[in-house]
Amino acid sequence: MDETRRTTKLAIVGAGAVGSTLAYAALARGAARSVALLDVNRAKVEAEVLDLRHGGMFIPQAEIDGSDDVEVCRGADIVAVTAGAKQKPGQSRLDLAEATVGLTRSILPGLLEVAPDAVFLMVTNPVDVVTYAAQEISGLPRGRVFGSGTVLDSSRLRDALARHCGVAVGNVHANIAGEHGDSEIVLWSSATIAGVPLLDWRPFRGHPPLDEPARRRIATDVVESAYRVIAGKGATNYAVGLAATRIIEAVLNDEHRVMNVSSRLDDFYGISDVCLSVPSLVGRRGVAETIDTPLSDDEVAGLRASAENMRAVQQRLGF
């Protein structure tokens, strides 16, 4: 074994519901050899670290640390930012923008000082606006600052389609693009189930058709699902923790994996200077490039409408 090989380090900013669940998921999956938690609440972050350490014998070997001092993030390969204003029942993600961008502005300089070579994954909502702000504030290359985007939404979509059609979720390939929020769109035209174009899918005996009303209902349910979770338990944390962990693995393992993450677009179907989710190549340096994905006319129109929503919020925040 080469003892000089550099240890992979994940730093997580925010030890709330999402940050602590992300730490748990990353440790359970063995995503990094070192996991550091940063939070302003020293008692909370120390308690989370202690609880995680107590399970150390049941997970892949890893160092676990936490503090209210940014120094704990020093040398991180990837920094996942989950800290932000908490979303309340009935509150849209965009309502959170001003407070969360202000927080991002205050924490980024310190993180850049201790982890100057890190890739920054923004997880906090509204993730597209926060990602744009973080890229502007940091001055880092576009690919090194990106958001978790619609990776989770796409998982929700695939779960809903799998249940509707009676197939395993792994057989469903369907993506959501645009805003991680109310204006997101389903890319129906490129979706497949077991290699069959989704729009040509013929239902199994005893299963309902996947016609336009069914697709519309599924799309609406996906958009509203986060609000239902928040209304019932106060926060979404399990699925987003797993989704962010999968993105982190794609970076640390240099997987060149195509994922619907949010990054600053440059002439994607004429859309530029906003952060939206489109199929993108994710590896060691973040987002290498976006995928030239075929879209229907309706999908292009929906993506452009989503971009206008984001642009309006950016302008409201002075970007």
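The written sequence of each chain sets the order in which its residues are numbered from 1. Restriction of local features to residues with pLDDT of at least 70 applies here, the model being predicted, together with a cutoff of 80 or more for giving and counting side-chain atom pairs; totals for whole chains, interfaces and linings are based on all residues. Derived side-chain values reflect all non-hydrogen atoms in the structure, with water molecules and hydrogen atoms excluded from consideration.

Participant: Give a detailed account of the sheet that holds strand β15 (residues 280-283), specifying residues and quantitative values.
Facilitator: Within the open sheet, the 3 strands sit side by side as β12-β15-β16. Their pairing is antiparallel. Of all the strands in the sheet, the pair left with one neighbour each is β12 (257-259) and β16 (286-290). Across the sheet, the mean angle separating the axes of adjacent strands is 40° when strand polarity is ignored. The contact criterion used is simple: two residues touch if any of their non-hydrogen atoms lie within 4.5 Å. All axes are obtained by fitting lines to C-alpha atoms, using only the stretch in contact for helices, and the reported angles, taken between N-to-C directions, cover 0 to 180 degrees. Helix and strand definitions here come from DSSP, where helices need a minimum of 4 consecutive H or I residues and strands a minimum of 2 consecutive E residues; each element is numbered from the N-terminal end. The strands touched by helix α7 (residues 238-252) are β12 and β15; relative to β12, the strand with the most contacts, the crossing angle is about 145°. Paired strands, in this sense, are two strands between which DSSP finds at least two bridges.

Participant: Which residues make up the pattern of salt bridges, and what values do they have?
Facilitator: Here, a salt bridge means any side-chain nitrogen of Lys or Arg that lies within 4 Å of a carboxyl oxygen of Asp or Glu. Within this structure, the stated rule accounts for 14 salt bridges. Two residues, E255 and R257, come together in a salt bridge whose shortest N-O distance is 2.8 Å. Each of R29, R246, E249, E255 and R257 takes part in one network of salt bridges that share partners.

Participant: A description of the nonpolar core should follow, citing residues and the corresponding values.
Facilitator: Core analysis: the biggest nonpolar cluster contains 43 residues, and V79, F120, L276 and L303 have the highest contact counts within it. Looking at this core, the elements with two or more residues in it are β1 (9-13), β2 (34-38), β4 (78-81), α3 (97-114), β5 (119-122), α4 (127-138) and α8 (297-316). Every residue in contact with L303, bar those within four places of it in the chain, is listed here: A177, G178, I185, F268, I271, L276, V278 and L295. Counting residues in hydrophobic clusters, the runner-up holds 36 residues, among them V123, A244, V251 and V287. What we call a nonpolar core is a set of buried Ala, Val, Leu, Ile, Met, Phe, Trp, Tyr and Cys residues that are connected through their side-chain atoms within 4.5 Å. Burial status follows relative accessibility: with a 1.4 Å probe on protein chains alone, a residue under 20% of its type maximum counts as buried, one over 50% as exposed, and anything between as partly exposed.

Participant: Give me the side chain of E299: which residues, what numbers.
Facilitator: Considering the arrangement of structural elements, one finds E299 in helix α8. Once you skip the residues sitting within four places of it in the chain, E299 turns out to touch I185, V186, L187, W188, S189 and P294.

Participant: Can you lay out the pairing of β4 for me, pointing to particular residues and giving the numbers?
Facilitator: Of the two faces of β4, the one holding I78 and A80 and the one holding V79 and V81 are both buried throughout. Relative to β5, β4 runs parallel, the two being bridged by 4 bridges. When the bridges of β5 are listed, V81 appears paired with M122.

Participant: Give a detailed account of α7, specifying residues and quantitative values.
Facilitator: Helices are assigned an expected span. That span is 1.5 Å times one less than the residue count. Its 15 residues give α7 an end-to-end C-alpha distance of 21 Å, which sits within 8% of 21 Å, the value for a rise of 1.5 Å per residue. A large share of α7 lies buried, amounting to 11 of its 15 residues. Along α7, the residues classified as buried are V240, G241, A243, A244, T245, I247, I248, E249, A250, V251 and L252. Of the residues one or two after α7, D254 is the one with positive phi, at around 50°.

Participant: Now, about the packing of α3 against α4: what can you tell me, with residues and values included?
Facilitator: Their axes nearest at 9 Å, the elements α3 and α4 cross at an angle of 35°. The handedness of the crossing between α3 and α4 comes out as right-handed. Counting all contacts with α3, which are made through A97, T100, V101, T104, R105, L108 and L112, the residues of α4 involved are V129, V130, A133, A134, I137 and S138. Classification used: nonpolar for Ala, Val, Leu, Ile, Met, Phe, Trp, Tyr, Cys and Pro, charged for Asp, Glu, Lys and Arg, polar for all others including Gly. Grouping the amino acids of the contact of α3 with α4 by side-chain chemistry returns 9 nonpolar, 3 polar and 1 charged. Less than a right angle of anticlockwise turn of the near helix away from the far helix marks a crossing as left-handed, whereas a clockwise turn marks it as right-handed.

Participant: Explain the packing of aromatic side chains to me, using residue names and the numbers behind them.
Facilitator: Think of it this way: a Phe, Tyr or Trp ring, Trp meaning its six-membered ring, pairs with another when their centres are within 6.5 Å, and the plane angle makes it stacked under 30 degrees, edge-to-face over 60, tilted otherwise. If you walk through the whole model with that rule in mind, you get 3 aromatic pairs. Judged by centre distance (5.3 Å) and plane angle (65°), the ring pair of F268 and Y269 falls under edge-to-face. Judged by its relative accessible area of 27%, Y269 falls in the partly exposed class. One cation-aromatic arrangement involves R215 over W188; the distance from NZ or CZ to the ring centre is 6.0 Å. We call a charge positioned above a ring when the Lys NZ or Arg CZ atom is no farther than 6 Å from the ring centre and deviates by at most 35 degrees from the ring normal.

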